[in-house]
Amino acid sequence: MINLMTTLPLASKMMPDDYVGFTFFVGCMAMMAASAFFFLSMNSFDKKWRTSILVSGLITFIAAVHYWYMRDYWATVGESPTFFRYVDWVLTVPLMCVEFFLILKVAGAKKSLMWRLILLSVIMLVTGYIGETLNRDNAALWGAISGAAYFVIVYDIWLGQAKKLAVAAGGSVLAAHKTLCWFVLVGWAIYPIGYMAGTPGWYDGIFGGLNLDVVYNIGDAINKIGFGLVVYNLAVQASSNKETA
Ligand SMILES: *C/C=C(C)/C=C/C=C(C)/C=C/C1=C(C)CCCC1(C)C
């Protein structure tokens, strides 16, 4: 028993210069803290905002669990945890699409808008996964297909149906929608940079010096926690204004 304990350490050694491992570790803790924050604050809001806050918490909680695995995978195997990464995304990005829908429901958003965004996000992620793993030789092509789906999402929320609903809702819903749109346009654009840093293609000379995991981990912290805080802020505003919107 004593022997087992000494040969199977509870934590893998963390090298002081392992900045990739460091971002996995800090990312894991940040996601856990954010989840606790969203879950515990949930019941202080009007009923119609609770589901939105719950979804914010689910997004960071699912990420926290995946970061736990990714941190461990990186520490023991020493490779990019691509599989866990994409399972995390394929669960959390559709939930972000749900979040857009929940916010715009007050203006009469239909489920079809939500499913359209979810479908586009799944296309974006599956093609990205194929480019990173199964068909790396054509990574640039898969990345371009993924990018096309990404642009349709950007169009839908900035100029399409979602935008019209946000304008109809007005007030703090419109303001929150706009901020979330910026997250998708600028915050989500971090991911293709990580992809180009980690896959072979015409872009090698531009992004080759960056580390894919560090870029993805920074993107996740900004987009999952920041996105959730925008929704939290909307709930605070709308609950205190007693807006009818
Ligand atoms: C919480 C996780 C989020 C918000 C992940 C978002 C991921 C993307 C927006 C990924 C996009 C990609 C492209 C637009 C092209 C290259 C392949 C991807 C999948 C990295």
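I will try to describe carefully the structure that is included in this document. (Residues numbered from 1 in each chain as written. Predicted model: local features only at pLDDT ≥ 70, side-chain atom pairs only at ≥ 80, totals over all residues. Heavy atoms only, no water.)

### Some thoughts on the overall build of the chain
In terms of regular secondary structure, the chain is built from 11 helices and zero strands. Starting at the N terminus and ending at the C terminus, the chain contains elements arranged as α-α-α-α-α-α-α-α-α-α-α. What you see for the chain is a C-alpha radius of gyration of 19 Å, in line with the 18 Å of a compact globule of 245 residues. If you line up the chain on its principal axes, its C-alpha atoms span 65 × 50 × 25 Å. Counting over 245 residues, the chain shows a buried share of 47%. Residue pairs in contact within the chain that sit at least 24 positions apart in sequence constitute 75% of those at least 6 positions apart. With an accessible surface of roughly 12300 Å², the chain has 70% of that area assigned to carbon and sulfur atoms. If you average the places of the 16 positive and of the 14 negative side-chain charges in the chain, the two averages end up 16 Å apart. (Helix = DSSP H or I, 4+ residues; strand = E, 2+ residues; numbered from the N terminus. Rg over C-alpha atoms; globule rule 2.2 N^0.38 Å. Buried < 20%, exposed > 50% of the residue type's maximum accessible area, 1.4 Å probe, protein only. Contact = heavy atoms within 4.5 Å. Areas by Shrake-Rupley, 256 points an atom, 1.4 Å probe, with all protein chains shown as cover. Lys, Arg positive; Asp, Glu negative; His and termini not counted. Charge placed at Lys NZ, Arg CZ, Asp CG, Glu CD.)

### Topic: the site of the ligand
The local shell around the ligand holds 17 residues, among which Val 93, Met 124, Ser 146, Tyr 191 and Lys 224 are the closest. In the complex, 99% of the free accessible area of the ligand, which totals 520 Å², lies under the protein chains. Elements with a minimum of two residues in the shell around the ligand: helix H4 (82–104), helix H5 (111–134), helix H6 (139–158), helix H9 (190–198) and helix H11 (212–241). Considering each element in turn, the shell around the ligand owes the most residues, five residues, to H4. (Near = heavy atom within 4 Å.)

### Let's talk about the packing of helix H7 (residues 161–169) against helix H8 (residues 171–187)
The packing of two helices is summarised by the inter-axis angle and the distance between the axes. Packing of H7 against H8 brings their axes to within 6 Å, and their N-to-C directions diverge by 145°. Contacts from Ala 162, Lys 163, Ala 166, Val 167 and Ala 169 of H7 reach H8 at Gly 171, Val 173, Leu 174 and His 177. Grouping the constituent residues of the contact of H7 with H8 by class yields six nonpolar, two polar and one charged. (Axes fitted to C-alpha atoms, helices over the stretch in contact; angles between N-to-C directions. Nonpolar A, V, L, I, M, F, W, Y, C, P; charged D, E, K, R; others polar.)

### Some details on the pattern of salt bridges
For the structure shown, the criterion picks out four salt bridges. The partner of Lys 224 in a salt bridge is Asp 220, and the shortest N-O contact between them spans 3.3 Å. Residue Lys 224 and its partner Asp 220 are both found in helix H11; the two are separated by four residues, about one turn of the helix. Owing to a relative accessible area of 0%, Asp 220 belongs among the buried residues under this scheme. Each of Arg 85, Asp 213, Asp 220 and Lys 224 takes part in a single network of salt bridges with overlapping partners. (Salt bridge = Lys/Arg side-chain N within 4 Å of Asp/Glu carboxyl O.)

### Describing the layout of surface pockets
Its boundaries defined by the atoms lining it, the largest pocket holds a volume of some 530 Å³. Surrounding the largest pocket, 26 residues form its lining, Met 124, Ser 146, Gly 147, Tyr 191 and Pro 192 being those nearest its centre. Broken down by element, the lining of the largest pocket gets its largest block of residues, seven residues, from H6. Of the residues that constitute the lining of the largest pocket, the class distribution is 20 nonpolar, five polar and one charged. Here the second largest pocket is characterised by a volume of approximately 220 Å³. Elements with a minimum of two residues in the lining of the second largest pocket: helix H2 (19–41) and helix H3 (47–77). (1 Å grid on protein atoms, 1.4 Å probe; cavity = no way out; pocket = protein on both sides within 12 Å on 5 of 7 lines; lining within 4 Å. Points joined across faces, edges and corners; volume = space filled by probe spheres on them.)

### Notes on the environment of Asp 156
Along the polypeptide, Asp 156 turns up in helix H6. On the accessibility criterion, Asp 156 (6% relative accessible area) is buried. C-alpha of Asp 156 to C-alpha of Ser 12: the two residues are 144 residues apart in sequence and 44 Å apart in space. If sequence neighbours within four positions are ignored, Asp 156 has contacts with Arg 116, Leu 117, Leu 120, Gln 161, Ala 162 and Lys 163. Here Arg 116 takes part through its side chain, which lies 2.5 Å from a polar atom of the side chain of Asp 156. (Polar contact = N/O pair within 3.5 Å; in protein donor to acceptor, adjacent residues only side chain to side chain.)

### Here's the deal with the packing of aromatic side chains
Two aromatic rings are characterised by how far apart their centres lie and by the angle between their planes. On inspection of all chains with the given rule, the structure shows 19 aromatic pairs. Between Tyr 73 and Phe 84, the ring centres sit 6.0 Å apart and the planes meet at 75°, which makes this aromatic pair edge-to-face. On the criterion of sequence distance, the pair formed by Tyr 73 in helix H3 and Phe 84 in helix H4 is long-range, its members being 11 residues apart. For Tyr 73, a relative accessible area of 26% gives the class partly exposed. Here the aromatic cluster, defined as three or more aromatic residues joined through ring pairs, consists of Tyr 86, Trp 89, Tyr 129, Tyr 191 and Tyr 216. A cation over an aromatic ring shows up here: Arg 71 above the ring of Trp 68, its NZ or CZ 4.4 Å from the ring centre. (Phe/Tyr/Trp six-rings, centres within 6.5 Å; stacked < 30°, edge-to-face > 60°. Lys NZ or Arg CZ within 6 Å of the ring centre and 35° of its normal.)

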